[in-house]
Amino acid sequence: MLSLKLVVCSIVLATLCDALDMSFPPGFKFGAASASYQVEGAWNVSDKSISVWDKLVHDNSESVSDRSTGDVACDSYHLWQRDIEMAEELGLHFYRFSISWPRLLPNGYTNYISKDGQEYYDNLINGLLEKGIEPLATIYHWDLPQNLQNLGGWLNPLITDLFADYAKVVFSLYGDRVKTWITINEPVVMCDLTFNTGTMAPPLVIDDVGAYICNKNTMIAHAKAWRIYDQEFRALYNGEVSLANQLFWFDPLTPDDEDMAEAARENMAGRYSHPIYSKDGGWPPVIEKMIAEVSRKRGYKKSNLPEFTQEEIELVRGTFDFYALNHYTSRLIRHAEPGEELQPWPFGDAPDLNGKIHINPDWAGTTSSWFFVNPEGLRRQLVWLKKQYGDIKFLITENGYASGAGLRDTERVNYYRDYLEQVLLAIKEDGVNVIGYTAWTLMDNFEWMDGYESKFGLYEVDFDSPMRTRTPRASANYYKSIIKAHRLIDPHDEL
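Residues numbered from 1 in each chain as written. Predicted model: local features only at pLDDT ≥ 70, side-chain atom pairs only at ≥ 80, totals over all residues. Heavy atoms only, no water.

Q: Explain the state of the cysteines here, please?
A: Here, the word disulfide means a covalent bond between the sulfur atoms of two cysteines. This structure, assessed with the given rule, holds one disulfide. For Cys 191, the disulfide goes to Cys 214, at an S-S distance of 2.0 Å. Disulfide Cys 191-Cys 214: the torsion about the S-S bond is -65°, which places it as left-handed. In this pair, Cys 191 sits in helix 9 (residues 187-197) while Cys 214 sits in helix 10 (residues 210-232), placing the two residues 23 residues apart along the sequence. Residues Cys 191 and Cys 214 agree in their burial class; the two are buried. (Disulfide = S-S within 2.5 Å. Helix = DSSP H or I, 4+ residues; strand = E, 2+ residues; numbered from the N terminus. Buried < 20%, exposed > 50% of the residue type's maximum accessible area, 1.4 Å probe, protein only.)

This is the structure in structure tokens:
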């Protein structure tokens, strides 16, 4: 029997359908995503080297809530054929996966390419194409070879050339078959969350400067990789390249806090977008000014936000073919009171902006402590991005829901319905050119600091089974129905 809440929601959706065509535009594509460390396992198989995540979970197991590791995870390294079967069962147009740098280039450099690593991704890509599913490859999703971290990792400016060299190898090996690329996934997480809190790999807190140095290096690394593709591979393969930003939407707590909300948007989206997508390039002016001011107040002689030279501005500006965004949740923000204690950005407060972050009590929580449900935030984020950077193509590269175990995942079904509704409104009412949507994730996986306690999967994975048995949830059937119908449908018949 359906709950009263679901009945009401179904009535609301049916009413909306009368007012809005719920079909997706012709050519709109649906996919699902995963990431190498989260699903592959096989952490020490063949000649794969140690990544920063291997080192973190082995040396600092208390960092993960259930003290688990990604040593086996979903064992997709061995079970890749089942992953393709699931993608086919859903009717996906594309499958987004990431390539493990230490699996393909075990020492981090291009002088040695692992034959087994190369073959694994060849098998996955070819298997997808045989089923008519487009491979969408992410070149870097956080699993840096540990020996490069020993040199400073993303805080060492040499990383930009090392990454560009790695990307060129990847384009050379797979560019004939992969037509859509993400260079770097969520630099705000690998920079801001990592170096402000030490909760991600590598577990280092580098106060005041770490996040900003990493920020600049990721912008330049991405740009060098994009330009390599543009100059050496585009004419051959006619593909498209971007990077994927994780974006929270920020609303003001009160009308007087709108300037703080806009600063927070620029701090999360703008610092990782303005250098690439804006006409002027470089840092967002409001952030450049605020960080210079807070740096002086802390006694620094110059801003902690490293300058771009004019040559670097030109290198980075315009290095995109579309805008890729990962979006899950939203926040409220206000001006902090004098002396008020502020937690580190980005999942706490905004100390460098003097902003205090709040959660709307009406937003439902999930099994992930940072994650609260606010569907309207996705539409507002898309509209803001269009206003900032123009009428460009937008691809939603991650969106999904964290829950506990179980196959009857009504909350996830509702989440997909409500967020996809906002995507349609952005397309049809606001004129945002959204070209596709990616569900996170295809299957339950190692969910970083949540270990295996938070489940995002359309497919439930039995992590106690040697075969890591994958079973479709209600949300998988619902998503499959949307893809088949190419429109947003009432979930009533899928539950």
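Now that the structure has been shown, we can carry on.
Q: How do you make sense of the packing of aromatic side chains when you look at a structure like this?
A: For any pair of aromatic rings, the description rests on two quantities: the centre-to-centre distance and the angle between the ring planes. Scanning the entire structure with this criterion turns up 52 aromatic pairs. An angle of 25° between the planes, with centres 6.1 Å apart, marks the rings of Tyr 229 and Phe 233 as stacked. Since its relative accessible area comes to 0%, Tyr 229 is described here as buried. Taking relative accessible area as the criterion, Phe 233 reaches 6% and is therefore assigned buried. (Phe/Tyr/Trp six-rings, centres within 6.5 Å; stacked < 30°, edge-to-face > 60°.)

Q: Help me understand the sheet that holds strand 2 (residues 94-98) in this model?
A: Sheets are built from strands that pair by backbone hydrogen bonding, the pairs being arranged parallel or antiparallel. As summarised here, the arrangement of the eight strands in space is 1-2-3-4-5-7-10-11, forming a closed barrel in which the pairing is parallel. Looking at each pair of strands side by side, their axes are set apart by 25° on average, direction ignored. Docked against the sheet, helix 6 (residues 115-130) engages strand 2 and strand 3 (134-140), running at close to 170° with respect to strand 2. Seen against the sheet, helix 9 touches strand 3, strand 4 (180-185) and strand 5 (240-246) and runs at an angle of roughly 35° to strand 5. (Pairing = 2+ DSSP bridges. Axes fitted to C-alpha atoms, helices over the stretch in contact; angles between N-to-C directions. Contact = heavy atoms within 4.5 Å.)

Q: What should I look at first to understand the side chain of Asp 75 in this one?
A: Its location among the elements puts Asp 75 in the loop between helix 3 (52-59) and helix 4 (76-90). The buried charged residue Asp 75 lacks any salt bridge partner; its closest oppositely charged side chain belongs to Arg 468, at an N-O distance of 6.7 Å. Here His 78 takes part through its side chain, which lies 2.8 Å from a polar atom of the side chain of Asp 75. Once you skip the residues sitting within four places of it in the chain, Asp 75 turns out to touch Val 39, Glu 40 and Arg 468. (Lys, Arg positive; Asp, Glu negative; His and termini not counted. Salt bridge = Lys/Arg side-chain N within 4 Å of Asp/Glu carboxyl O. Polar contact = N/O pair within 3.5 Å; in protein donor to acceptor, adjacent residues only side chain to side chain.)

Q: Could you clarify how one ought to interpret the packing of helix 12 (residues 258-268) against helix 14 (residues 285-297) in this entry?
A: Helix-helix packing is characterised by the crossing angle of the two axes and by the distance between the axes. Interaxial distance between helix 12 and helix 14 falls to 9 Å at its minimum, and their mutual angle equals 95°. Here helix 12 is positioned roughly perpendicular relative to helix 14, judged by the angle of their axes. From helix 12, Ala 263, Glu 266 and Asn 267 reach across to helix 14, where they touch Val 286, Ile 287 and Met 290. Here the residues of the contact of helix 12 with helix 14 sort into four nonpolar, one polar and one charged. (Parallel < 35°, antiparallel > 145°, perpendicular 65-115°, else oblique. Nonpolar A, V, L, I, M, F, W, Y, C, P; charged D, E, K, R; others polar.)

Q: Which parts of the structure should I look at to understand the pattern of salt bridges?
A: Proximity of charged atoms lets side chains of opposite charge pair with each other. For the structure shown, the criterion picks out 32 salt bridges. Salt-bridge contacts for Asp 21 lead to Lys 428; the nearest nitrogen and oxygen are separated by 3.9 Å. Linking Asp 21 in the loop between helix 1 (4-19) and strand 1 (29-33) with Lys 428 in helix 17 (residues 410-428), this pair joins segments that are 407 residues apart in sequence. The closest approach of N and O atoms between Asp 349 and Lys 356, which form a salt bridge, is 3.2 Å. Using a relative accessible area of 3% as the deciding quantity, one classes Asp 349 as buried. Each of Arg 82, Glu 85 and Glu 89 takes part in one network of salt bridges that share partners.

Q: Please explain the sheet that holds strand 8 (residues 330-335) as it appears in this structure.
A: Spatially, three strands are ordered 6-8-9 in an open sheet, and the strand pairing comes out mixed. Both edges of this open sheet fall to strand 6 (249-252) and strand 9 (355-358), since each of them pairs with a single strand only. Across the sheet, the axes of successive neighbouring strands diverge by a mean angle of 40°, strand direction being ignored. Strand contacts of helix 12: strand 6, strand 8 and strand 9, with the helix running at about 170° to strand 6, the strand carrying the most contacts.

Q: Explanation requested: helix 14 in the structure shown.
A: Between the first and last C-alpha of helix 14 there are 19 Å, a value that for 13 residues agrees with the 18 Å anticipated at 1.5 Å per step. All of the buried residues along helix 14 are Ile 287, Met 290, Ile 291, Ala 292, Val 294 and Ser 295. Of the surrounding elements, those touching the buried residues of helix 14 are helix 10 and helix 12. A positive phi of about 95° marks Gly 299, the residue just after helix 14. (Expected span 1.5 Å × (residues − 1).)

Q: Help me out: how do you make sense of helix 4 in this one?
A: Side chains three or four residues apart in an α-helix point the same way, a direct result of the helix having 3.6 residues per turn. Given a rise of 1.5 Å per residue, 15 residues ought to cover 21 Å, yet the end C-alpha atoms of helix 4 are separated by just 18 Å, more than 12% below that figure. Of all the bends in helix 4, the greatest, near 35°, is centred on Arg 82. Regarding helix 4, the residues found buried are Ser 76, Tyr 77, Leu 79, Trp 80, Asp 83, Ile 84, Met 86, Ala 87 and Leu 90. Where helix 4 is buried, its residues contact helix 2 (36-39), helix 5 (101-104), helix 6, strand 12 (459-461), strand 13 (470-472) and helix 18 (474-485). Trailing helix 4 by a residue or two, Gly 91 shows a phi angle of about 80°, which is positive. (Bend = angle between axes of the 7 residues up to and from the residue.)

Q: Would you explain the side chain of His 141 in this entry?
A: Positionally, His 141 belongs in the loop between strand 3 and helix 7 (146-149). Judged by its relative accessible area of 2%, His 141 is buried. In terms of polar contacts, His 141 uses its side chain to reach the side chain of Asn 185, at 3.1 Å. Other than its neighbours up to four places away in sequence, His 141 contacts Ala 35, Gln 38, Arg 96, Ser 98, Asn 185, Glu 398, Trp 440 and Trp 448.

Q: I keep staring at the nonpolar core and nothing clicks. Help me out?
A: Generally speaking, a soluble globular protein has its nonpolar side chains buried in company with each other. Grouped together as the largest cluster of nonpolar side chains are 155 residues, with contacts concentrated most on Trp 53 and Trp 181. Here this core gets 11 residues from one element, more than from any other, and that element is helix 8 (residues 159-174). Not counting the four nearest positions on each side in its chain, Trp 181 is found in contact with Ile 99, Ala 137, Ile 139, Val 170, Phe 171, Tyr 174, Gly 175, Tyr 229, Glu 240, Val 241, Ser 242 and Phe 322. In terms of nonpolar packing, the next biggest core, distinct from the first, is built from seven residues, Phe 94, Leu 136, Ala 244 and Leu 395 among them. (Core = buried A, V, L, I, M, F, W, Y, C linked by side-chain atoms within 4.5 Å.)

Q: I would appreciate a short explanation of the confidence of the model for the protein in the present structure.
A: For residues with low pLDDT, the predicted coordinates do not support detailed interpretation. Of the residues in the protein, 96% have a pLDDT of 70 or more, and the chain-wide mean is 95. Here residues 1-18 is a poorly scored stretch, pLDDT under 50, and it has 21 contacts once near neighbours within four places are set aside; other chains count. (pLDDT = per-residue confidence, 0-100.)

Q: Where do I start with the pairing of strand 10 (residues 394-399) in this structure?
A: Successive side chains on a regular strand alternate, one facing one side of the sheet and the next facing the other. Counted residue by residue, strand 10 has six buried out of six residues, so it is predominantly covered. When strand 7 (residues 323-326) meets strand 10, the two strands line up parallel, connected through four bridges. If you follow Tyr 323 over to strand 10, its bridge partner there is Phe 394. For strand 10 and strand 11 (residues 434-440), the ladder comprises four bridges, and the chain directions are parallel. The residue bridging Asn 399 from the neighbouring strand is Ala 439, located in strand 11.

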